[in-house]
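# Notes for the structure review
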Amino acid sequence: MKILVSDDVSMKGVELLKDNGYEVDVKTNLDEQGLIDCIGEYDGLITRSMTHVTEKVIDAAKNLKVVGRAGVGVDSIDLKTATQRGIIVVNAPTSNTIAATEHTCAMIMAITRHVPQAYNSLMAGEWDREKFTGIQLKGKTMGIIGVGRIGSRIAKRMQAMEMRTIGYDPYISEERAKQLGVELVDLDTLLATSDYITMHTPLTKETKGMIGTDEIAKMKDGVRVINVSRGAVLDIYALADALKSGHVAGAAIDVFPQEPLTPDINPFIGMDNVVITPHLGASTVEAQIGVSVDVAEGVMAALKGEPVPTAVNMAPIPKNIYNVIHPYFDLMERMGILGVYLTEGPMKEISVEYTGDLAKTETGILTTAVLKGALNPILQESVNFVNAAQVAKSRHIAVKEIKSADSSNFLDAVTVRITTSKEVHFLVGMLFNKTEPKIVQIDEYRVDFTPEGYLLLAPHVDQPNMIGQISTILGQAHINIRGMQVGRMTRQGHNIMAIAVENDIPNDIMLKLRSIDGILDMKLIHCDLHAGL
Ligand code: NAD
């Protein structure tokens, strides 16, 4: 089989392909037409971000079975078209884990012992030892926000420095944390008790701006703050103020809300208690080799027809099964999204029950769609039809599929039940007119709404003027209501309201809504599907 490598990647991956009997051509700097002219003869294509794999390129790629992206982002590849043509797209999401972990360690050491400042001073002809007295790590507390691939490795390394490691991650189990030697705490406890705070979450709706003025104010005096995750997780301007006041003793930052960080937007200029690097987390020789080898392995697995854990799109499904199940894909993914937002605490089990015709067909891929919906909002990596089951397994989430002949309540319905360490919630969904996704039950409440866009879900005491009070607050905040539905009560005295709104709702408005007398809970859910996959 023939593979084209169209961007500069480490030769280690190319050698691996050749050693395994593949014929490999390296042709870099091809423009779109150049690629179209030659792609027809290749079974596999390996790119970095320079090559754009467009619809036209895919049209011309008559033999292409797999596209490998040596790196993480796949925005240079037309995933939708690739998926439609059954071309598997693979990437290399974990190859820079160690690089980012070690850079974090370097940053922690740098701010602890003032290495760059002391270097600059000495190079400027000074010999000043007192100014650069550091502190020791042993005995201090490292607070880790996001205990995933990188966060867990930071824990291991900081434990070797004899630090106490505590973590805040609402999506990992106590069991996993225990294995890692990380004491799980809530965010406020982490902020108030850590000597060092390091961030390792993905950038999501929840984590965007997660550490700002209020959170910094809750930190211990003399805390040190490190961010090698994503720039928008931390408000660097609030951090700069706290560094100036001395509340924060030191900071090390690799990632910024806007990159490159130009002098006009850099709040740290002239400050000597901060170490900043230009997004160097993944910049090691080994990480570059790693992406090349990992992507070569993914491409080889795809060409052999083996499962590819790093595939970012879905594998083809037999047509007869596809015809029955394809109208349900959106509904299932949206039910997964609703499920994860409805529940609190680390997920332990996701069960999906099918009734009616669905109970008679192969539904594995629909269950996978639920996992995709439930896992994407909380993880950095792209969770898709190919890797969702594996991601769930690695996070110790049990997945159950139940086929039930009993369709006494709803015909052709799906029930998704999510069990966390704290609670269980379930929702029932079905298709209206065989096409339009509808949620028809949430726990004991009968409802009827379309799960899309921004949705407010509010269980409340059944009493007059609940709708009026909510509409007034939303109206005053200029938030347009697209639709509103009050459920049918099945529990005496309680009901649920589902309100579709035009835009995201700011936190202060959510607080006002939650404080209405009789509102038992109020969740804002962004129900849109994960981009393009
Ligand atoms: P991961 O998906 O393995 O881990 C992320 C963890 O964050 C998960 O355990 C998840 O449960 C947790 N999390 C999600 N939402 C949370 C929330 N609201 N509060 C607390 N925890 C939450 O990701 P990873 O591979 O460890 O990467 C972590 C971060 O590092 C990502 O943002 C990634 O983009 C970044 N990164 C940066 C560089 C760099 O060059 N600086 C290199 C690699 C990775």
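That block above? That's the structure.
Here's a quick rundown of the structure. Counting restarts for each chain: residues are numbered from 1 in the order of the written sequence. Confidence filtering applies because this is a predicted model: local features only for residues at pLDDT of at least 70, side-chain atom pairs given and counted only at 80 or more, and all residues used for totals across whole chains, interfaces and linings. In computing side-chain values, all of the structure's heavy atoms are included and hydrogens and water are not.

## Regarding the overall build of the protein
A tally of helices and strands in the protein yields 18 helices and 22 strands. The C-alpha radius of gyration computed for the protein amounts to 26 Å, which stays within 12% of the reference 24 Å derived for 533 residues, consistent with globular compactness. On the principal axes, the C-alpha backbone points of the protein span a range of 85 × 65 × 45 Å. Note on exposure labels: buried denotes an accessible area under 20% of the residue type's maximum, exposed denotes more than 50%, and partly exposed covers the range between, all computed with a 1.4 Å probe on protein chains only. Out of the 533 residues in the protein, the part that is buried amounts to 51%. Accessible surface area values rest on a Shrake-Rupley calculation with a 1.4 Å probe, where residue burial reflects the displayed protein chains alone. If you sum the accessible surface of the protein, you get close to 24600 Å²; carbon and sulfur atoms cover 51% of it. If the 51 positive side-chain charges of the protein are averaged to one point and the 65 negative ones to another, these points end up 3 Å apart. Helical segments are the DSSP runs of H or I of at least four residues, strand segments are the runs of E of at least two, and each set is numbered from the N terminus. Here the globule rule reads 2.2 Å times residues to the power 0.38, and the radius of gyration is calculated from C-alpha atoms. Within this scheme the basic residues Lys and Arg register as positive and the acidic residues Asp and Glu register as negative, but His and the chain ends are omitted. Here the site of a charge means atom NZ of a Lys, CZ of an Arg, CG of an Asp or CD of a Glu.

## Quick notes on helix 15 (residues 364–375)
Turn by turn, an α-helix covers 3.6 residues, leaving residues three or four places apart pointing in a common direction. Taking 1.5 Å of rise per residue, 12 residues should cover 16 Å, and helix 15 covers 16 Å from first to last C-alpha, within 8% of that figure. Judged by how many residues are buried, helix 15 sits mostly within the fold: 11 of 12 residues are covered. Among all positions of helix 15, only Ile-365, Leu-366, Thr-367, Thr-368, Ala-369, Val-370, Leu-371, Lys-372, Gly-373, Ala-374 and Leu-375 are buried. One fewer than the residue count of a helix, multiplied by 1.5 Å, yields its expected span.

## Quick look at unusual backbone geometry
Glycine aside, a negative phi is what most residues show, and trans is what most peptide bonds show. Cis geometry is found at the peptide bond from Glu-259 to Pro-260, where omega equals -5°. Its place among the elements puts Pro-260 in the loop between strand 11 (248–253) and strand 12 (274–276). The phi dihedral of His-279 falls on the positive side, at around 50°, and the residue is not glycine. When you line up the elements, His-279 lands in the loop between strand 12 and helix 12 (285–303). You can call His-279 partly exposed: its relative accessible area is 41%. With phi around 60°, Asn-433 is a residue other than glycine that occupies positive phi space.

## Quick notes on the side chain of His-200
With respect to the helices and strands, His-200 occurs in the loop between strand 9 (196–199) and helix 10 (213–217). The exposure class of His-200 is buried, given its relative accessible area of 12%. By the criterion applied in these results, polar contacts are pairs of N or O atoms within 3.5 Å in which, for protein atoms, one can donate a hydrogen and the other can accept it, and in which residues neighboring in sequence qualify only through two side-chain atoms. A polar contact of 2.7 Å, which involves the side chain of His-200, links it to the side chain of Thr-198. Only heavy atoms enter the contact rule, under which two residues are in contact if any of them lie within 4.5 Å. Not counting residues up to four positions away in its chain, the partners in contact with His-200 are Thr-104, Ile-144, Ile-145, Gly-146, Ile-150, Gly-151, Ile-154 and Ser-229.

## Quick notes on the site of the ligand
The full set close to the ligand counts 29 residues, and Arg-149, Ile-150, Asp-169, Thr-201 and Arg-395 are the nearest of them. Here a nitrogen atom of the ligand and a side-chain polar atom of Asp-254 are 3.0 Å apart. Within the side chain of Arg-395, one N or O atom sits 2.9 Å away from an oxygen atom of the ligand. Compared with its free state, where it exposes 870 Å², the ligand has 95% of that area covered by protein. Residues are labelled near a given molecule or strand when at least one of their non-hydrogen atoms is within 4 Å of it.

## Regarding the environment of Leu-375
On the secondary structure map, Leu-375 appears in helix 15. Judged by relative accessible area, which is 0%, Leu-375 ranks as buried. Separated by 17 residues in sequence, Leu-375 and Ala-392 have C-alpha atoms that sit 7.8 Å apart. Here Leu-375 is in contact with Met-347, Val-383, Ala-388, Val-391, Ala-392, Arg-395 and Ile-397, once residues within four sequence places are set aside.

## Observations regarding the pairing of strand 3 (residues 44–47)
Covered by surrounding structure in strand 3 are Gly-44 and Ile-46 together with Leu-45 and Thr-47, the residues of both alternating faces. Seen with its strands pointing away from the viewer, a crossover is right-handed when the path leading from the first strand over the helix to the second is clockwise. You can see the chain leave strand 3, run along helix 3 (residues 55–60) and come back into strand 4 (residues 66–69), and the turn it takes is right-handed.

## What about the nonpolar core?
Residues belong to a common nonpolar core when they are buried Ala, Val, Leu, Ile, Met, Phe, Trp, Tyr or Cys residues joined through side-chain atoms within 4.5 Å. If you look at the biggest cluster of nonpolar residues, it comprises 49 residues, and the most contacted ones within it are Ile-350 and Leu-375. Ranked by residues supplied to this core, first place goes to helix 14 (residues 329–342) with 8 residues. Two domains share this core, each providing at least three of its residues, namely domain 3 (314–443) and domain 4 (448–533). Excluding its chain neighbours within four sequence positions, the residues that come into contact with Ile-350 are Val-370, Leu-371, Ala-374, Ile-397, Ala-398, Val-399, Lys-400, Val-416, Arg-417 and Ile-418. Of all hydrophobic cores here, the second largest spans 29 residues; its members include Ala-238, Leu-239, Ile-253 and Phe-268. The split into domains, and so the bounds of each, comes from an automatic or database assignment of domains.

## So, the environment of Gly-483
Among the structural elements, Gly-483 can be located in strand 20 (residues 481–486). In this structure, the C-alpha to C-alpha distance between Gly-483 and Arg-446, residues 37 residues apart in sequence, is 17 Å. Contact partners of Gly-483, with chain neighbours within four places excluded, come to Ala-498, Ile-499 and Ala-500.

## Let's talk about the pattern of salt bridges
Where side chains of opposite charge bring their charged atoms close, a pairing between them can arise. The salt bridge definition used is simple: a Lys or Arg side-chain nitrogen within 4 Å of an Asp or Glu carboxyl oxygen. Evaluation of the coordinates by the stated rule reveals 18 salt bridges. Here Glu-41 makes a salt bridge to Lys-2, at a shortest N to O gap of 2.4 Å. Of this pair, Glu-41 sits in the loop between helix 2 (32–39) and strand 3 while Lys-2 sits in strand 1 (residues 2–5), and the two are 39 residues apart along the sequence. Among the residues examined, Glu-41 registers a relative accessible area of 38% and is labelled partly exposed. Through salt bridges with shared partners, a single ionic network connects Lys-2, Glu-23, Asp-25 and Glu-41.

## As for the packing of helix 14 against helix 15
Geometrically, a packed helix pair is captured by the angle between its two axes and the distance between the axes. Between N-to-C directions, angles span 0 to 180 degrees; the directions come from axes that are lines fitted to C-alpha atoms, helices contributing only their stretch in contact. Contact geometry for helix 14 and helix 15: axes closest at 6 Å, N-to-C directions at 40°. Viewed along their axes, helix 14 and helix 15 adopt a mutual orientation that is oblique. The crossing of helix 14 and helix 15 is right-handed. From helix 14, Phe-329, Met-332, Glu-333, Gly-336, Ile-337 and Val-340 reach across to helix 15, where they touch Ile-365, Leu-366, Ala-369, Val-370, Lys-372, Gly-373 and Ala-374. Should an angle fall under 35 degrees it is taken as roughly parallel, and over 145 as roughly antiparallel, whereas 65 to 115 is taken as roughly perpendicular and any remaining angle as oblique. The crossing is said to be left-handed when, going from far helix to near helix, the turn is anticlockwise and less than a right angle, and right-handed when the turn is clockwise.

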